[in-house]
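Coordinate inspection notes
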Amino acid sequence: MPGYQYTGQAVNYKLIADIVQLLEENDIPCLLIGDYMFEAMGGPGLRGNIELILERHDINKAIRILRKANFPDDQPTYYKHLLCPSPLMGQTTCSANETPFIPYHSFHLNGRFWGEPYTGFHTDLCLYEKQDLFWDLPELSLGELSEDDTDFILASDHRFPPQENWQYWGRFPDTLYPVKIPMPVRYVEAMMLLTARDWEIKGHGWSWRDEIMYMWKYVVGVLEEFFEVEMFKPMFRAWWAVLENSESMSGGEVLCVHNLRRELVATGVMPETPFTWLKIQLCTWIASLQLDDIPDSVRTRAKYLFLDGIACALVGARVPWSQKAFDAMTAFEERGKHVVIGYEERLGAIAAATLNGSWIQACEVDDYHSVAPLHSQAVVIPPLFAAAVGARDHPTTPRIIDGRTLLLASVVGFEIGSSAKLLGLSAGQIEDAIGVAATQACGLMAAQYDGMVKRMHHGFAARNGLLGTMLAWGGYEGIKKVFERPYGGFLAMFGLGSKHTPSSKPEEVAKDLGTFWHTAEWIRLKLHACCGGIHGTIECLAEMQEMYPERLGREKLGEIKEIRIQLSDAVFHHCGWAPETRPLTPTGAQMNTAFVAASQLVDGQVLLEQFSSGKLDRNEVWELIGKTSCVHTTELDQPNIGCGALISITFADGSQVQHSLLKPKGVDEPISNEEILEKFRRLTGGLIGVERQEKIERAVLGMEELQDVNELIELLSVNVVNPLQ
C-alpha cells in the first residue's frame, strides 16, 4: 500500500484490514485480538479499540510506519475502569485506574459506538508486545496459514458466522486483506496463563479471567466445534472442564489456577508480569492525564512556578561559576539550535538542558520541596524546552508544541519529574524513559562544601530526563520495574544509606496522583539566596532583630558571646556543619547555617550579594561564625514542621534572648502569585529590558494561548550580565 494515509476513515473491518496490510507489506506480522476478534467470531464487542499484537522487535518500526501514514498519537488515551474485588483473592476494595490491557503504544482514531460515529466516544489503535500477553504462541510470521494450523486462524474463516444486516458482528469479508487472529482455544489458554501469572496482583488475575468468561458467554455457543476439551493443551483441560458460567469462581476453578501456577513454576516457564504498580499507576496516569483534569488553581500556580524558574535562570546565567561552566562546555561542544538562557550562543539539546538546569540552581534563589531534597524548576523546565525544540525537526514525526501542551507537561513534571508527557509518549515508553533516567541518577551531597558542581546536580538530572525521553521516543528500552527491583533497583540502592525502617516507601511514588497536587501544596519558593533548610534560621533571627534592636544592632554584635541554633535532624546534617576553611566558597557559604546566620545579623538580609567574593571573608561575619554552634533537637523533627529553628543568643554580660520559628514564610504561608511576579521583576529588572520582561510575563502567564512555545524560548536567547558586578 505505497503512500497509504489515514484521513479519518470509519473504524470498521476495512480499516483494520488496511492497517494489517500496511504493516505486513513492511514485513511486520501482526495478530488481531480484542473487540474485533470477538466480533469476527460472532460475539458482541467488549472494549471498542483496534488491538494488535506484534513481536517486540517489530513494535517500534510499526509505530514509525503508522505515524508516517498519518495515524495520530498525540491525543491522551484512557485505560480506566473499575475492577470489582475478589474475596477469593483476598481483595476487599475496588481499585480504579487499573486494567490489564495496557498497550505499548496507542493511536487516537475517530469516534465509534456500536459501529457508528459518536462524539462522546473514541477508538484507539493499540499495539501490544506479544511477549507480554501471548508468549506461549509461536512467533508471528508473514504469509498464508496452513489448513491444519492449530494456533492461528483468519478473521474471515467461513466457519465463523456471517455478518447479518441487523448486526455488526460476524466474520470479515473475503474481499479484504487477510487478518489473522488467535485460534479461540489458544486465546482462552493465553488468558488462563495470564490469570495464573498475575493471580497475586490486585485485580489483574481476576480481569484476565473476565476475558475467559466473555468467550464462554458469547462465543462458545456460536462456535462449539472450536472449544472441545481435546483441542486444549493438557495443562488447561481441567480448568475448562470445571468452568461455570458465573461471575464468581468456584472452588474447583481456584484449585485449577493454583495447580497451573505450580506447574508453570516447576517447569520454569512462569514469566514475570510487566504490569507493575509503576507502569499501571504512575506511567498510565502520566499518559492519560489531560489539561482539563487539572484544577484551575494548580494550572495557575504551575505558570507562576515556571515564571520564577525563568527568573532564576536569567539571574544565574552569568555568575562566575556559571560563566566558567559555559566557557568549559563551549570549548568542546558543537554549536546547535537550542537556546542557552542568558546567552545568544546556542548548543545541542543535551548541553543546553544541562546548563539551563545549572543556571536555575546557580544562585539558590529557586524552589525547594517540603518533604523531598529536590529543586523542581531546574529538573522540569530545561528538558521541556529542549524536547519542544527537538520535536520541531524530528525526522519522522515533526510537531509544533503549543502552550497547552507545555503547561500540561509542566504540571506532570512538577508532580513526578517526567518530561515524557510533552511528546505524548505511551505508558510503556514512559516506563522506558524513567528507566533510562533513573540508571543515570547522580549527585553526592559532599558537593555542598566546596567547588562549583553542586550547581550542576539538577542540570545533570535535567539532562538525564531529556535523554531518557528522547531515547524512549525513538524506541530505546530502559529498565523495567526500575523502582521495584530488589537487586540494583532505584529504591533498593538509594535506600541503602537510609536511617529509617523501612528504608524506602514504594507506595509514595504514585500516592494520591491527581488528588494531592505537589505543584500547589509542596513546592516552595525561596525569598533568601541559600539552602531552603536555613530559611527558618534567617527569619527567626530577623524577628529577633526587630524584637531586640538595642541588643542586636550591627554596632552591638561584638557583645555576643554565643549563638546556639537548634535544628531538625535533616537540616542539621545538611547545613549544621562547622566550617573547616576560611573563606568558604559561595556554594559552601550558601549551605552553611553559621555563615548565613552571621550574614543576616550583619547585613539584615541574605540575598545573592551576601555571597559575592568581597563578602565571603569579612572579619565581623567570621567572628560571629566562631561563636555559633548548631545542634539537633527532636522538637523540630515532629510532623508538619518545616525548616524551623530555635535560637538562643548569650551576651558577654550573661544575659540571653531566645526565639523560635517553626516554619518560614513560604511554608507556613505560601508565597502568593503576586509575590512571585514581584520577585520575577526584581530579579530580572537589571538584566533584560522592560519590553522583553513584559513579553516573557505575558507568554508564561498566558501560556494556554501560545500557538508555538518557541515564541517563549526565543525570548530567553539574550545576553545578560553578571548580577554580582
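Residues numbered from 1 in each chain as written. Predicted model: local features only at pLDDT ≥ 70, side-chain atom pairs only at ≥ 80, totals over all residues. Heavy atoms only, no water.

1. Examining empty space enclosed by the protein
- Counted under the stated rule, the structure contains four cavities of 30 Å³ or more.
- Taken as a whole, the largest cavity holds about 60 Å³ of empty space.
- Taken together, H338, V339, I341, A352, N356, P382, F385, A386, V389 and I713 make up the full set of residues lining the largest cavity.
- Residue assignment for the lining of the largest cavity shows that the elements contributing at least two residues are β7 (335–339), α12 (349–361) and α13 (376–392).
- Top contributing element to the lining of the largest cavity by residue count: α13, with four residues.
- Split by residue class, the lining of the largest cavity holds eight nonpolar, two polar and no charged. (1 Å grid on protein atoms, 1.4 Å probe; cavity = no way out; pocket = protein on both sides within 12 Å on 5 of 7 lines; lining within 4 Å. Points joined across faces, edges and corners; volume = space filled by probe spheres on them. Helix = DSSP H or I, 4+ residues; strand = E, 2+ residues; numbered from the N terminus. Nonpolar A, V, L, I, M, F, W, Y, C, P; charged D, E, K, R; others polar.)

2. So, the sheet that holds strand β13 (residues 645–651)
- If you trace the four strands from one edge of the open sheet to the other, you get β12-β11-β13-β14, paired in mixed fashion. Two strands in the sheet have a free side with no partner beyond their single neighbour: β12 (628–632) and β14 (656–661). Averaged over all pairs of adjacent strands, the angle between their axes in this sheet comes to 15°, without regard to strand direction.
- Inspection of the sheet shows strand β11 (residues 560–567) paired to β12 by five bridges, in the parallel sense. In the sheet register, Q566 faces β12, and the bridge partner there is V631. (Pairing = 2+ DSSP bridges. Axes fitted to C-alpha atoms, helices over the stretch in contact; angles between N-to-C directions.)

3. Looking at the side chain of H375
- Mapped onto the elements, H375 comes out in the loop between β9 (367–369) and α13.
- A distance of 2.5 Å separates a polar atom in the side chain of H375 from the backbone oxygen of D367.
- Other than its neighbours up to four places away in sequence, H375 contacts Q361, E364, D366, D367, Y368, H458 and K526. (Polar contact = N/O pair within 3.5 Å; in protein donor to acceptor, adjacent residues only side chain to side chain. Contact = heavy atoms within 4.5 Å.)

4. So, the packing of aromatic side chains
- Enumeration over the complete set of coordinates arrives at 22 aromatic pairs.
- Taking the centre distance of 5.7 Å and the plane angle of 70° together, the rings of F306 and F385 count as edge-to-face. Linking F306 in helix α10 (residues 296–316) with F385 in helix α13, this pair joins segments that are 79 residues apart in sequence. Judged on exposure class, the residue F306 and its partner F385 are both buried.
- Through pairs of rings, three or more aromatic residues link up here, namely F38, F134, Y187, Y214 and Y218.
- Here R318 stacks its cationic end above the ring of Y343, 3.7 Å away from the centre of that ring. (Phe/Tyr/Trp six-rings, centres within 6.5 Å; stacked < 30°, edge-to-face > 60°. Buried < 20%, exposed > 50% of the residue type's maximum accessible area, 1.4 Å probe, protein only. Lys NZ or Arg CZ within 6 Å of the ring centre and 35° of its normal.)

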